[in-house]
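Each chain is listed here by its residues.
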Amino acid sequence: MSPFPQSRAGVTGVNLQINLIVVRLYSLTRVSFSSMLFQTILFILLATTSNAAAIQSTVTAKSSISIDKAPSGMFYDPTTTLLHVLCGTATNADHYLYTYNTDGTQQCLITIPESVGMTRVDGFYIVGNKAYISDSQGPIYSTTAGKLGGSVYQVDWSTHPCGCTSDGKCSSSSVEWIPTVLKNWALSATETTIGDGGGVDDDFRNSGIVVTENYWYAVNGVHPISNSLTQSYPKSIVKVDMSSAQLKNVGFAPVVGRWSFDATTLGHQVDMEGLTCGADKCVDSLYIGDEYNFIYKLDFNTSTVTHEWNLNDIVGDVNADKGIESLAFDGTYFYAGIQGTSVVHQVSLNEAACGTQCSVSTGSSTGSMLSGGAVWSMVLSVFVVTVTSNTFFG
């Protein structure tokens, strides 16, 4: 049994809105969350129904960039004003990182040789003198000689490999880069604080990365299982405290926040791959790119998807698992990288005001629910909760 409250959302045309009045007595000792014991002493459930849905907002295409390889990760770097497009085109092969001006002018092509040991790169992010690369299949090859075997690599970025500067220009147009790996974290779908995959897919296939302060966010992408894209739900976005999470050489990293999705959460199939911050720099929300060619806005404060944008008319006809693979934001426009066409679309996401009846619960466990350290003895908790989903405690 999980030591913290969780919810799993199920949303179709009409959501079930549940008012919960819960009185719980927690008998906790000063131990880790994994061994906490709590007792439920009173549970009263009152249920009503109401209509609720994420705002279906409009999206405007601005321009596009065609590149030579399929974009698997993306980050707009405000220091150089360059769009960095990561291309993990094959498993256990060379990988590539392009730099582009936002008008589509290519500045540099960086080759990351196979010998570095990354298996299938799927996300890229820069913070100061460090960069972060996500590897969707790293842990699968953790016992293979020469492989790093991680899900997220923190690497040295003290010097740009291409010599790119703040004017958006680079001194080199093509380089080979052997990054210095500073830290290596690994994720597992079956780690006790995650619980993804439904017993069908035990691997956490990290397909995106966002870094803010001491935390990084990752997303578990869908992988075909027996030619099916729908057997391995739930899939989650997770938050990891990199100041305390154990490294790969010790074991799988636990998470301090989780937002779980399945085919019922938003009323359609999901395959979340790209992550980026918006204007608030991920203080209150996170933007998610989905291979079914949707972009979602996840509100951290309410743990709900408040907005949804459908990009299918912009992307065109691509296979279900070949759509939006990467996502970035330059302060004005969003960039969606499409795996099936090797095109990056520059778009404007138009948001409408969101009221109390326009959100879809993600079935989340927020960071505050999962954060470790603090414990209590004989704490009486009384609270009232309204959610737009079926909710289970325990």
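Coordinates for the structure precede this section.
Residues numbered from 1 in each chain as written. Predicted model: local features only at pLDDT ≥ 70, side-chain atom pairs only at ≥ 80, totals over all residues. Heavy atoms only, no water.

Draft legend 1. Summary view of the nonpolar core. Core analysis: the largest hydrophobic core is formed by 63 residues, its most contacted members being F124, L187, W216, I237 and F261. Ignoring sequence-local partners within four residues, the contact set of W216 consists of V152, W185, L187, I209, V210, V211, V238, K239, V240 and M242. Within the second largest apolar cluster, 15 residues are counted, among which are L311, I324, V347 and L349. (Core = buried A, V, L, I, M, F, W, Y, C linked by side-chain atoms within 4.5 Å. Buried < 20%, exposed > 50% of the residue type's maximum accessible area, 1.4 Å probe, protein only. Contact = heavy atoms within 4.5 Å.)

Draft legend 2. Quick peek at the pairing of strand β21 (residues 304-310). Judged by how many residues are buried, β21 sits mostly within the fold: six of seven residues are covered. Relative to β21, strand β3 (residues 55-57) runs parallel, the two sharing three bridges. Its bridge partner being in β21, I55 is matched across the sheet by H307. Where strand β20 (residues 294-299) meets β21, six bridges bridge the pair, whose relative direction is antiparallel. Counted as the bridge partner of L298 is V305 from β21. Following β20, the chain reverses through four residues before pairing antiparallel with β21; S303 in that reversal takes a positive phi of roughly 55°. (Helix = DSSP H or I, 4+ residues; strand = E, 2+ residues; numbered from the N terminus. Pairing = 2+ DSSP bridges.)

Draft legend 3. Representation of the pairing of strand β17 (residues 257-261) within the structure. Counting buried residues along β17, five of its five residues qualify, which places the element largely inside the surrounding structure. Here β17 shows two buried faces, one formed by G257, W259 and F261 and the other by R258 and S260.

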